[in-house]
Amino acid sequence: MSSQRSIDQSIARASVATPLALVVFTGATLIGALVAHPSLAEISRDYLTILTPNENWIGIYWLVLSVLLVGGCFRIVLARSEASKLMIANGVGLRLALAITLMAAWTLFWTIQSFVVAEILLLVNLVVVISLYTTLLIYRPSSPSGATATTLDYVFLQAPVRMLLVVLFSVDIWHQGLLAIGWYRYVGSSTSPHHPGKWEGDHAVHSWIAFGVIAGVAIINATNTFLTTDVVWGLSSIYISLALAANAKGKPPQIFVTLLLGAALVAVALASSIVRSDKFPHTAIEELIHGFHLDRGEATTAAVGIIREFVATRAPANSTMPLWGSQAYWEHLYDHPQKSIAWEGPEGIIAGRFLWCEQLGLRTTDKLVHTCKECSRFYLTCCDHTKSKSSPLCHGFQAIYADGAFATGVQGAMAGIGGAFGAKDEQKWSFSVGVGPDGIVPTSQRAELFAALAALRKIDNSSVICHTAIKTLHKPSYVIVTDSEYVVKGVTEYYPKWKFNTLADSLAKKGKTAPSGTPF
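First, a word on scope: everything that follows refers to the structure included in this document. (Residues numbered from 1 in each chain as written. Predicted model: local features only at pLDDT ≥ 70, side-chain atom pairs only at ≥ 80, totals over all residues. Heavy atoms only, no water.)

Re the packing of aromatic side chains
This model, assessed by the stated rule, comprises 11 aromatic pairs. When the centroid spacing of 5.3 Å and the interplanar angle of 35° are considered together, the rings of Trp57 and Tyr239 count as tilted. Of this pair, Trp57 sits in helix H3 (residues 55–78) while Tyr239 sits in helix H9 (residues 231–245), and the two are 182 residues apart along the sequence. Overall, Trp57 belongs to the partly exposed group, its relative accessible area being 32%. Residue Tyr239 is classed as partly exposed on the basis of its relative accessible area of 24%. Every member of this aromatic cluster is reached through a ring pair, and the members are Tyr47, Trp106, Trp110, Phe115, Tyr184 and Tyr186. (Phe/Tyr/Trp six-rings, centres within 6.5 Å; stacked < 30°, edge-to-face > 60°. Helix = DSSP H or I, 4+ residues; strand = E, 2+ residues; numbered from the N terminus. Buried < 20%, exposed > 50% of the residue type's maximum accessible area, 1.4 Å probe, protein only.)

Laid out in structure tokens, this is it:
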């Protein structure tokens, strides 16, 4: 109850502060553009730097950003779904209002040509927006209609934060910084306190410093775009680079060329990232083992486990059969005494396989997997928190159901994969898989592997903070629930053997042997 009250209070504060901040920013911008003399645009034209963007291009960018922010205010006020409320309360809060307020203050100091103070405000705002962006990564869906945010959330909250961060990082702080340190040429009609009509001293050297800044920004933008497959970030970065290049005044050849190459680099990174995200895995088991290193850098979990979907698909909900009652589905993978999925030891992931503790071995199926009332996700019963159904759930082991199938012998058939990590429709998925790169055709085993790999990416791209969860001493882990013997053995038995054989082959080529007792 207190958690829900806290969320409602956070949304209420944001519902007041964000529209108010946007009104202040809009008023400051209109005054600076229509009333002040010189106006915002005139100051930009009078003080020419190497990084002065095209006035019309950057104006369109800010117009689109402002419209999206207006939509964001309505979205905050009218949010209804639990996912949207969680994102606004925990991901946005008052920081968006603070960022907009800082932009309004920047407009004021730009208008009075206090460039040093304006630069300080931009740097502070950059930190605020980076914090906001980083938090929203938790709620970022894999597409605008993804699992943890509706299309409106993405368009009016996620997208404008990205656009604001890109314009701050790619142009504003650098352009404003050049003005603050006097690296500009004044071309206005009034008297300038610094070198009127001329560039600053050592301008040629400064141009190469700016070249390094532009190249570094382009590399960072391209890297982030590639790792996150962030379409908004990529397109915004490309647009800003072109907006800078569109104003050729005062830009030496190396600056102009670097801007165009930077835009091209981000475009290639975006296209490559999109292609990579849809790639059919050739070495699916290895990707599954290292899945959290391939999911766009957002994973925070400690381990991945695999269990066979025995209790969920083959035992009725009211069954009292112990989990180790059917040896047909569980084989002895190692020589050590782990005879079943329940054993005399702590609950956890052992050798890639999830094991319940012994005290849960006789529990019925419906008491082994629970659904969180707040985040609607599936969680495995925790041995340390088994008091009652009314107590908060332990979120230590999150279950992800994954399955794949292929119609063998049917010409032109496509594989189908699907899964679920929660009870809501947006927490379930299914899609078809055709012929992969290099003509690799789907098979039943590949479909099962791809389903497990897709499950990892889906769950990580849909991470959400649940405030009703019991705090655990260990980091949360994901457990893939599958009925595929190939996937289970691939992760827990085949892959370790492959690694061992690779080591043995490598040593054999050097005339050596693997040390006695080397584990798989």
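Read on for the rest.
A short note on the pattern of salt bridges
Throughout the structure, instances matching the rule amount to 3 salt bridges. The residue Arg75 makes a salt bridge to Asp153 at a minimum N-O spacing of 2.7 Å. Separated by 78 residues along the polypeptide, Arg75 in helix H3 and Asp153 in helix H7 (residues 151–180) bring together distant segments of the chain. The pair Arg75 / Asp153 is uniform in exposure class, with both members buried. For Asp230, the salt bridge goes to Arg162, with nearest N and O atoms at 2.6 Å. In this pair, Asp230 is assigned in the loop between helix H8 (203–228) and H9 and Arg162 in helix H7, connecting sequence segments 68 residues apart. Residues Asp230 and Arg162 agree in their burial class; the two are buried. (Salt bridge = Lys/Arg side-chain N within 4 Å of Asp/Glu carboxyl O.)

Overview of helix H5 (residues 95–111)
The end-to-end C-alpha separation of H5 is 24 Å, in line with the 24 Å expected for 17 residues at 1.5 Å each. Taken together, the buried positions of H5 are occupied by Leu96, Ala97, Ala99, Ile100, Leu102, Met103, Ala104, Trp106, Thr107, Trp110 and Thr111. Trailing H5 by a residue or two, Gln113 shows a phi angle of about 60°, which is positive. (Expected span 1.5 Å × (residues − 1).)

Here we look at the packing of helix H6 (residues 115–136) against H7
Between two packed helices, both the angle of their axes relative to each other and the distance between the axes serve to describe the pair. Direction vectors running N to C along H6 and H7 enclose 155°, while the axes themselves pass 9 Å from each other. The angle between the axes of H6 and H7 places the two elements in the roughly antiparallel class. For the element pair H6 and H7, the recorded crossing hand is left-handed. The residue makeup of the contact of H6 with H7, split by class, is 20 nonpolar, 4 polar and 3 charged. (Axes fitted to C-alpha atoms, helices over the stretch in contact; angles between N-to-C directions. Parallel < 35°, antiparallel > 145°, perpendicular 65-115°, else oblique. Left-handed = near helix turned anticlockwise from the far one by under 90°. Nonpolar A, V, L, I, M, F, W, Y, C, P; charged D, E, K, R; others polar.)

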